[in-house]
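# Commentary on secondary and tertiary structure
Listed below, chain by chain, are the residues.
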Amino acid sequence: MFNIAKKEDLPLPWAIKSRNIIQIAIILFLLNIGWQFYRFVTYFKTRGSTGFVQRPPSVESFLPISALVALKSWLVNRTFDTIHPAALAIFLSILLISFMYKRGFCSWICPIGAVSEMLWKIGKRLFGRNPRLPRYLDLLLMIPKYLILIFFLKVVLLDMNANTAAAFLDTPFNKIADAKMLEFWIRPGITTIKIVTVLVLLSIMFKNFWCRYLCPYGALLGVVSLPSPVKVSRDRERCIHCKACNRACPNQIEVDQKLRVDSVECTGCLDCIESCESSALSLKVLNTDKVVSPKTYALLLMGTFFLVIFIAKATGHWNTSLGYEDYRRLIPIMDMLSH
Ligand code: SF4
Ligand code: SF4
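What this report covers is the structure whose coordinates are included nearby. (Residues numbered from 1 in each chain as written. Chains lettered and ligands numbered in written order. Predicted model: local features only at pLDDT ≥ 70, side-chain atom pairs only at ≥ 80, totals over all residues. Heavy atoms only, no water.)

## Overview of the site of ligand 1
- Surrounding ligand 1, one finds 13 residues, the nearest of these being Cys239, Cys242, Lys243, Cys245 and Cys276.
- When its residues are assigned to classes, the shell around ligand 1 shows 8 nonpolar, 2 polar and 3 charged. (Near = heavy atom within 4 Å. Nonpolar A, V, L, I, M, F, W, Y, C, P; charged D, E, K, R; others polar.)

Here it is in structure tokens:
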């Protein structure tokens, strides 16, 4: 299943550069998607006085709650959501790559993860370092993301039955949740602006502040990634205990203390591998000596992510069943719709 690379091939400075290139490419792609969707929504809000553009289905990647309800409905009703099928397809793809390749989504694909990384790197340039919180406070602050995750999992996976899940997906609110999400971000209230400003400042100070302490999506992927067969492993014989890996890890993992990094916080960024001048670190498959090179890891991660999306498109699980008339009716009144 995995290509076997020689240890001598590692570490490769290739991974950091290609990871950053992929992050930037995805941000540019999403900005383009956002612009296209903005024009789509504007067309209906102005009752056709601007030019019509097609709605990009990928915009549904920003609907994780709808995707979670769609997953529940798919499991119990055996019907794949037709309102936001791309949301469910992307969600399934992210769950699959997290299960197989740790939280690689967070450090290679997620635009929020990319922005977080850019911000703490700016902070590092400005202040020379990113401070760390005391361990007790660090652990305490990690609790909210799990509480938020448990809340959503309980409400959606446990409390919702087959009928309520299907009914939610069919509500006018869910049908234009993407348009409401756009409105929320392009016309933020004063509270939103204040919260985002505080988060940006904290993200400049501390590495991955949002991802580490607040993101329930990342918390879910961390749990899903626990059985992942591919993990960073340390060769005890080669390690000279220089701790360069610890300093490189953006997620405060003490790599030099582990033989295998099982942590839910590992985002598969490979920075530790690249920082190790003794080639003591590599990605290994289960408890074998099979080594996955950073290049192969990136190809598997990205390839699996896009393969699931390709399958969704090829099998008709990508485009919404909503039509022009639905949007013409719902978008002008979206401010009045709530769940
Ligand atoms: S960077 Fe390499 S040699 Fe240094 S402590 Fe980490 S694993 Fe050991
Ligand atoms: S352990 Fe290595 S791969 Fe995992 S987050 Fe830390 S630096 Fe990245």
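## Structural notes on the packing of aromatic side chains
- Inspection of every chain in the model, using the stated rule, returns 22 aromatic pairs.
- A ring pair is formed by Phe52 and Tyr324, whose centres lie 5.9 Å apart and whose planes are at 50°; its orientation type is tilted. Of this pair, Phe52 sits in the loop between helix H1 (14–45) and helix H2 (64–77) while Tyr324 sits in helix H17 (residues 324–330), and the two are 272 residues apart along the sequence.
- What makes Tyr324 partly exposed here is its relative accessible area of 39%.
- An angle of 85° between the planes, with centres 5.0 Å apart, marks the rings of Phe184 and Trp185 as edge-to-face.
- With relative accessibility at 41%, the residue Phe184 sits in the partly exposed group.
- Members of the aromatic cluster, connected to one another through ring pairs, are Phe37, Phe40, Tyr43, Phe44, Phe52, Tyr324 and Tyr327.
- A cation sits over an aromatic face here: Lys207 above Trp120, 4.7 Å from the ring centre. (Phe/Tyr/Trp six-rings, centres within 6.5 Å; stacked < 30°, edge-to-face > 60°. Helix = DSSP H or I, 4+ residues; strand = E, 2+ residues; numbered from the N terminus. Buried < 20%, exposed > 50% of the residue type's maximum accessible area, 1.4 Å probe, protein only. Lys NZ or Arg CZ within 6 Å of the ring centre and 35° of its normal.)

## What to know about unusual backbone geometry
- Phi angles above zero are rare outside glycine, and Lys243 is one such case at about 70°.
- Positionally, Lys243 belongs in the loop between strand S1 (230–234) and helix H14 (244–248).
- The backbone of Gln252 shows a phi angle near 55°, a positive value even though the residue is not glycine.
- Considering the arrangement of structural elements, one finds Gln252 in the loop between H14 and helix H15 (271–275).

## Observations concerning the pairing of S1
- With 5 of 5 residues buried, S1 lies mostly within the body of the structure.
- Of the two faces of S1, both are covered, the one formed by Val230, Val232 and Arg234 as well as the one formed by Lys231 and Ser233.
- Note that S1 and strand S2 (residues 281–285) share 5 bridges and pair antiparallel. Across the sheet, Ser233 pairs through a bridge with Ser282, a residue of S2. (Pairing = 2+ DSSP bridges.)

## A word on helix H7 (residues 143–159)
- If you check H7, its first and last C-alpha atoms are 22 Å apart, about what 17 residues at 1.5 Å a residue would give, namely 24 Å.
- Considering bend angle alone, the principal kink of H7 is centred on Leu153 and spans about 25°.
- Close packing links the buried residues of H7 with H2, helix H12 (209–213) and helix H13 (216–224). (Expected span 1.5 Å × (residues − 1). Bend = angle between axes of the 7 residues up to and from the residue. Contact = heavy atoms within 4.5 Å.)

## A word on the pattern of salt bridges
- Under the criterion given, the structure shown has 19 salt bridges.
- The closest approach of N and O atoms between Lys284 and Asp289, which form a salt bridge, is 3.7 Å.
- Shared partners join several salt bridges into a network, and the residues in it are Arg19, Glu117, Lys121 and Asp271. (Salt bridge = Lys/Arg side-chain N within 4 Å of Asp/Glu carboxyl O.)

## Here we look at the site of ligand 2
- Within the structure, ligand 2 sits among Val232, Cys249, Pro250, Asn251, Ile253, Val255, Cys266, Thr267, Gly268, Cys269, Leu270 and Cys272.
- Residues of the shell around ligand 2, tallied by class, amount to 9 nonpolar, 3 polar and no charged.

## Focus on the pairing of S2
- Burial within S2 is extensive, with 5 of its 5 residues counted as buried.
- Of the two faces of S2, the one carrying Leu281, Leu283 and Val285 and the one carrying Ser282 and Lys284 are both buried.
- With 2 bridges joining them, S2 and strand S3 (residues 291–292) adopt antiparallel strand pairing. Within S3, the residue paired with Lys284 across the bridge is Val291.
- Linking two consecutive strands that pair antiparallel, namely S2 and S3, is a turn of 5 residues; a positive phi of about 45° is found at Leu286 within it.

## Topic: the side chain of Thr192
- Locating Thr192 in the fold gives a position in helix H11 (residues 190–205).
- In this structure Thr192 touches Phe184 and Trp185, once residues within four positions along its chain are discounted.

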